[in-house]
Amino acid sequence: MKQANENPLACNGHPEDLGKTRKDSDNDDSATNTSSTSSINDVPLNNCPNTSSSSSSNLNTSEVTTNPDSANELVVLPEVSFNIRIQSSGLEVFDLPVTSSELVQEIHQVLMDKEETCHRTCFSLQLDGVILDNFTELKNIEGLKEGSLLKVVEEQYTVREVRIHVRHINELIHSCDLNDLYNGTNGYSLCLVNDITSNDTPAASAPTDRKKGADMNESDTNVPEYLLPNQNNILLTPLFSTNNKVNRLQCLKVFAYSGWNPPNGSRKLHGDLMYLQVTTCEEKSFHITACTKGFYVSQTTEEKFLPKPVQPKAIFHSLVDLLNSLSPAFKKKFAAIQRKRCTKHPFERIQVPYQIHPWLSPRFEHTMDHFRAEDANINKLGHEDHIPGQVRDWNEELQITKELPKKTLPERLIRERAMFKVHSDFVSAAIRGCQAVVDGNIMAINPGEESKVHMYIWNNMFFSLGFDVKEHYKDFGGDAAAHAAPTNDLQGVRAINTLDLDGLHTLGTIVVDYRGMRVTAQSIVP
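Cut-offs used in this document
- Residues numbered from 1 in each chain as written.
- Predicted model: local features only at pLDDT ≥ 70, side-chain atom pairs only at ≥ 80, totals over all residues.
- Heavy atoms only, no water.
- Pairing = 2+ DSSP bridges.
- Helix = DSSP H or I, 4+ residues; strand = E, 2+ residues; numbered from the N terminus.
- Patch = residues over 30% accessible without salt bridge, like charges linked within 9 Å, V, L, I, M, F, W, Y side chains within 5 Å.
- Areas by Shrake-Rupley, 256 points an atom, 1.4 Å probe, with all protein chains shown as cover.
- Salt bridge = Lys/Arg side-chain N within 4 Å of Asp/Glu carboxyl O.
- Buried < 20%, exposed > 50% of the residue type's maximum accessible area, 1.4 Å probe, protein only.
- Axes fitted to C-alpha atoms, helices over the stretch in contact; angles between N-to-C directions.
- Parallel < 35°, antiparallel > 145°, perpendicular 65-115°, else oblique.
- Left-handed = near helix turned anticlockwise from the far one by under 90°.
- Contact = heavy atoms within 4.5 Å.
- Nonpolar A, V, L, I, M, F, W, Y, C, P; charged D, E, K, R; others polar.
- Core = buried A, V, L, I, M, F, W, Y, C linked by side-chain atoms within 4.5 Å.

Draft legend 1. Focus on the pairing of strand β8 (residues 149–154). As paired elements, strand β4 (residues 81–87) and β8 share 3 bridges and run parallel to each other. Note on β8: the bridge partner recorded for R85 is L149. With 5 bridges connecting them, strand β6 (residues 123–127) and β8 associate as antiparallel partners. Note that in β8 the partner of Q126 across the bridge is K151.

The following block contains the structure:
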């Protein structure tokens, strides 16, 4: 399992090398090098790519201003930290520490991660009755100070907000499953910190029984057999997570979109947005209607569509609140999952730009997940989830961020943040494209040519896949040289881009090894 090393920014605002490249072509596939506009993503023979993104590291800095007496002298002003109070329905008012440079959107993310409020997604934050813009820095909000009260106000749903809410609830239900971490689903990466630090040790347990303590000390000093020398059969299982056999808590037996979707015209006029089907652990089946005000149980069955709500009618703004009222087992197990999730380090609960894919994975029991099946079988045509119906112009975004001003330190910070965001998104999208190319889900633009290198275009990216280029390099090292050539090309792009010269532009480039094949992805020149 390989991780990308991050070094702090140099004084000129450019990232230092994040890793050293192995020049030996035999070991080339184990290198994970990154650059400002290019990345190597070496993927072993399993179906999970091993990724490492690039660009600068996290830039949480203090406020910076220029000394009026000297144009070249910068004065660093410390960030102002203060506490605000949050009032949410059904909860007592609680304090939240913030800094002046944070965005309102970051408070949204904190509330969506907090155990008590994680099941709410469609809400706004209001200060004295005024809705706060999500992209406004706290220091720019008039009247916000120490002890200010922000109210969490529930907003009306739209189809997009319902999809976000349902997906978020599904992620919370599966938040403690290791399957998604090993598979790298939704940008998550496997982290063993919690598993290692939560192990029971003799020192931690402190048994009172002397005999029991002696037995534990004796077993603790015994060296595992697989670590002894001259072992013929060395197992890979010790490399797995220590808690990979933990029993999975099943909140619901079925949680999926209903076959009655989408609502017809008359039901849309009544405010219906979407229909869900749920089967609880008590073997009870419910059809749930999502409307602009929230969620309620309808009289619909699998054989007949009856949109009227069951009596007594109850509309819940949160789907979790509705399921808690329907199933005591769901209420108990969902709360247990969230308690377990919140015991992990915050960095283990968020999506990371430097995604890590292990090359080893234990065998998990295959479980049913309708949303996972939908993602695997629905062709999104390269559309980004957070920009519905649009295809991103990667080359335009990469070049625009490079052309941002960089004369002062604040300008360089903004530039590096923008570059980091664009490159992270580019790497993530390129990995999905490379997987689709190797899996045969994208048709080549030169399928009838005799060339051994097939070319593809998807999501404003250009992909090249060489099936057998031994003839091209038969006098220069054969397949080993052909395997190393894309990496050398990548390092050339990386070296040019590191110069960061005005007017000198390079294509976004990424090399991915997936299922034994090496794919090169680049942004398309206009």
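Draft legend 2. Expanded view of a nonpolar patch on the surface. On the surface, a nonpolar cluster with roughly 480 Å² of combined accessible area is contributed by V223, Y226, L227, L228 and I234. Within the secondary structure layout, V223 lies in the loop between α6 (210–221) and β9 (252–257). Judged by relative accessible area, which is 52%, V223 ranks as exposed.

Draft legend 3. Representation of the packing of helix α11 (residues 394–402) against helix α12 (residues 409–439) within the structure. Two elements in contact, α11 and α12, have axes whose closest approach is 9 Å; the angle formed by their N-to-C orientations is 160°. Compared by their axis directions, α11 and α12 come out roughly antiparallel. When the axes of α11 and α12 are compared, the crossing they make is left-handed. Residues W394, E397, L398, T401 and K402 of α11 form the contact with α12, whose participating residues are R415, A418, M419, V422, H423, D425, F426 and A429. Looking at the contact of α11 with α12 residue by residue, the class counts come to 7 nonpolar, 2 polar and 4 charged.

Draft legend 4. Structural context of the sheet that holds strand β11 (residues 285–291). Pairing in this open sheet of 4 strands is antiparallel, and the strands run β9-β10-β11-β12 from one edge to the other. Here the strands that pair on one side only, and so sit at the sheet edges, are β9 and β12 (294–297). Ignoring strand direction, the axes of neighbouring strands in this sheet form an average angle of 25°. Relative to strand β10 (residues 272–280), β9 runs antiparallel, the two sharing 5 bridges. Note on β10: the bridge partner recorded for A256 is Q277.

Draft legend 5. Fine view of the pairing of β11. Burial of β11 is extensive: 6 of the 7 residues sit out of reach of the surface. Relative to β11, β10 is paired through 7 bridges, and the arrangement is antiparallel. Note that in β11 the partner of V278 across the bridge is F286. Counting the residues between successive antiparallel strands, the hairpin from β10 to β11 contains 4 residues, one of them, E283, with a positive phi of roughly 65°. Here 4 bridges tie β11 to β12, and the two strands are oriented antiparallel to one another.

Draft legend 6. Representation of the pattern of salt bridges within the structure. Within this structure, the stated rule accounts for 17 salt bridges. A salt bridge links E154 to R120; its shortest N-O distance comes to 2.9 Å. Of this pair, E154 sits in strand β8 while R120 sits in the loop between α1 (104–113) and β6, placing them 34 residues apart in sequence. Between D502 and K406 there is a salt bridge, and its shortest N-O distance comes to 3.4 Å. Highlighted residues: D502 in the loop between α13 (478–499) and β15 (509–514) and K406 in the loop between α11 and α12, separated in sequence by 96 residues. Looking at D502, the relative accessible area reads 68%, which means it is exposed. Within this structure, K402, K406, R415, D500 and D502 form a network of salt bridges that share partners.

Draft legend 7. Broad picture of the nonpolar core. Within the largest apolar cluster, 29 residues are counted, with the highest numbers of intra-cluster contacts made by F255, I288 and F295. Of all the secondary structure elements, the ones that give two or more residues to this core are α2 (159–173), β9, β10, β11, β12, α8 (319–326) and α9 (328–342). Looking at which element gives the most residues to this core, the answer is α2, with 5 residues. With sequence-adjacent residues up to four places away left out, I288 is seen in contact with M274, Y275, L276, V278, F295, Y296, V297, L319, L322 and L323. By size, the runner-up hydrophobic cluster in this structure holds 22 residues, among which are I431, C434, V438 and Y456.

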